[in-house]
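# Structural features, examined
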Amino acid sequence: MKQRAGGFGQNTVVFDRVNSPFIMHAISSEALCGNDRPVIFVTKNEVRKNLRFFLLYSISKKISYNKKNKKNDEFFYLVLTFHQKANLMKAIWYTHQGKPSEVLQWGEQPTPQAGPGQVRVKLMASAVNPADTNRTVGRSYAMEAPLIIPNSDGSGLIDQVGDGVPPRWLGQRVWLYNGQRGGRHLGTACEYIALDVGLVAPLPDNTSYFEGACLGIPCMTAHRAVRLGGELEGKNVLVTGGAGAVGHYAIQWAKHAGARVFATVSSPSKAEHAQNAGADECVNYRQDNVLNRITQLTKGAGIDHVVDVDFGGNIAHTLALLRANGSLAYYATKGNPQPKIPAAELMRKNISLFSILLNGVVASERIRAQNEITEALEVNALQHTVSEVFSLQDTALAHEAVEFHPKRGTVVIQCAENTN
């Protein structure tokens, strides 16, 4: 990959990049940088033609006088810091959207370094959530960068801290969220990730890395959805999709809050799964009329708070079940993205509606969720459901398992050979 270029200075090298349509000519890096890192000169047109490659590196510009043509030539030079094998990591990425098996690529990418206020996590596990596959296939999201490493959630071991981060974080087991969210394009489907220290939380020894990877989107969303109901001691809470990744955690948070929990499910086995999480009553929406059955189970009292997996698809019965001054928090609306909302009825009953997208939730509430999740983990107060585990190289299969196959819980990717 790297070779000495005859006729140049001692530190001069020539790179012929794999998959690159041109040879980049190097001059002495010592002369320009004062160190032995190679500095590569390329023309502006080459930058335009190979934008994806150049976006991975630090790009600067200089003007050089061309004696032969008697004019100034504009060049870009790249200070390459990631060409040594030790500075590359295994990763999955995509440069355009589509079916996971067709767009997800496997190979090497530069290993990130922890910047100011950041930590670097040696990833042990990465989770695949529907919001991740939505981005991969291009559903509701356009390409957010020329190159994306997918997946938001994960877990691992902190092996590097940036300026301003207390050294006590070094060596800590952590779970993390928002890896590929909020302007971040390099997620957790890889061996290392560098991100703000506020996006990681301690992972107790009694929780596996695979379980820790489940905590971001599902558990934090569930926490937020339940907490929006206010004081729930002795109140009726309905969790739609109670066997799902978010719904399963929502049942547990509602029970911790002292509520009587009702859950909708689609099969007897899923009813058992929801009841194991703490659901007091389960209603099979494929067999029963949800409105009639829950009205019967509550003896006409109705529901105080709803945690909803499909606002548009469930609106006919959820709003009818809500009592005066009740509330509903939803985190998806796949069944009907643009439902007709009976605003006058909601006003007369003083119903409060809340929508949730985790990465946009106010920071103080996300911190509260992190803290309360970690506290619950320390006393073994949470159940986790790992649906299936795939190797990092098989991330495309993991995405397609979420996208096309029935699942219960969270699909997880093993990012390291040894996750003990």
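These notes cover the structure that comes with them. These numbers come from a predicted model, not from an experiment.

Conventions used here
Residues numbered from 1 in each chain as written. Predicted model: local features only at pLDDT ≥ 70, side-chain atom pairs only at ≥ 80, totals over all residues. Heavy atoms only, no water. Axes fitted to C-alpha atoms, helices over the stretch in contact; angles between N-to-C directions. Helix = DSSP H or I, 4+ residues; strand = E, 2+ residues; numbered from the N terminus. Parallel < 35°, antiparallel > 145°, perpendicular 65-115°, else oblique. Left-handed = near helix turned anticlockwise from the far one by under 90°. Contact = heavy atoms within 4.5 Å. Nonpolar A, V, L, I, M, F, W, Y, C, P; charged D, E, K, R; others polar. Pairing = 2+ DSSP bridges. Core = buried A, V, L, I, M, F, W, Y, C linked by side-chain atoms within 4.5 Å. Buried < 20%, exposed > 50% of the residue type's maximum accessible area, 1.4 Å probe, protein only. Salt bridge = Lys/Arg side-chain N within 4 Å of Asp/Glu carboxyl O.

Bringing the packing of helix H7 (residues 215-227) against helix H8 (residues 245-256) into the picture now. At their nearest, the axes of H7 and H8 sit 8 Å apart, and the two run at 45° to each other. Comparing their axes, H8 and H7 come out oblique. For the crossing formed where H7 meets H8, the hand is right-handed. Residues Leu215, Pro218, Cys219, Thr221, Ala222, His223, Val226 and Arg227 of H7 lie in contact with H8, whose contacting residues are Ala245, Val246, Tyr249, Ala250, Trp253 and Ala254. Residue composition of the contact of H7 with H8, by class: eleven nonpolar, two polar and one charged.

In a beta sheet, neighbouring strands are held together by backbone hydrogen bonds and run either parallel or antiparallel to one another. With respect to topology, six strands assemble into an open sheet ordered E16-E15-E14-E17-E18-E19, the strand pairing being parallel. Edge positions in the sheet fall to strand E16 (281-284) and strand E19 (352-355), since each of these pairs with one other strand and no more. With direction set aside, neighbouring strand axes in the sheet form an average angle of 15°. Bridge count between strand E14 (residues 236-239) and strand E17 (residues 303-308): three bridges; the pairing is parallel. Note on E17: the bridge partner recorded for Leu238 is Val306. On the sheet, helix H10 (residues 290-297) packs against E14, strand E15 (260-265), E16 and E17 and is oriented at approximately 160° with respect to E16.

What follows is about the nonpolar core. Core analysis: the biggest nonpolar cluster contains 86 residues, and Val121, Val200, Trp253 and Ile373 have the highest contact counts within it. Ignoring any residue separated from it by four or fewer positions in sequence, one finds Val200 in contact with Val119, Val121, Ile158, Trp169, Val174, Trp175, Leu176, Leu195 and Gln370. By size, the runner-up hydrophobic cluster in this structure holds 16 residues, among which are Phe262, Val283, Leu297 and Leu321.

The subject of this paragraph is unusual backbone geometry. Of note, Asn178 is a non-glycine position whose phi angle comes to about 60°, a positive value. Inspection of the secondary structure puts Asn178 in the loop between strand E11 (173-176) and strand E12 (192-196). Judged by its relative accessible area of 8%, Asn178 falls in the buried class. At Asn325, a residue that is not glycine, the phi angle is positive and equals roughly 70°. Asn325 sits in the exposed class, given a relative accessible area of 61%.

The next thing to look at is the pattern of salt bridges. If you walk through the whole model with that rule in mind, you get twelve salt bridges. Put simply, Glu365 and Arg224 hold a salt bridge, and the shortest N to O gap is 3.6 Å. In this pair, Glu365 sits in helix H13 (residues 363-378) while Arg224 sits in helix H7, placing the two residues 141 residues apart along the sequence. As a salt-bridge pair, Asp304 and Arg323 come within 3.4 Å of each other at their nearest N and O atoms. Of the two residues, Asp304 sits in strand E17 while Arg323 sits in strand E18 (residues 322-330), which places them 19 residues apart along the sequence.

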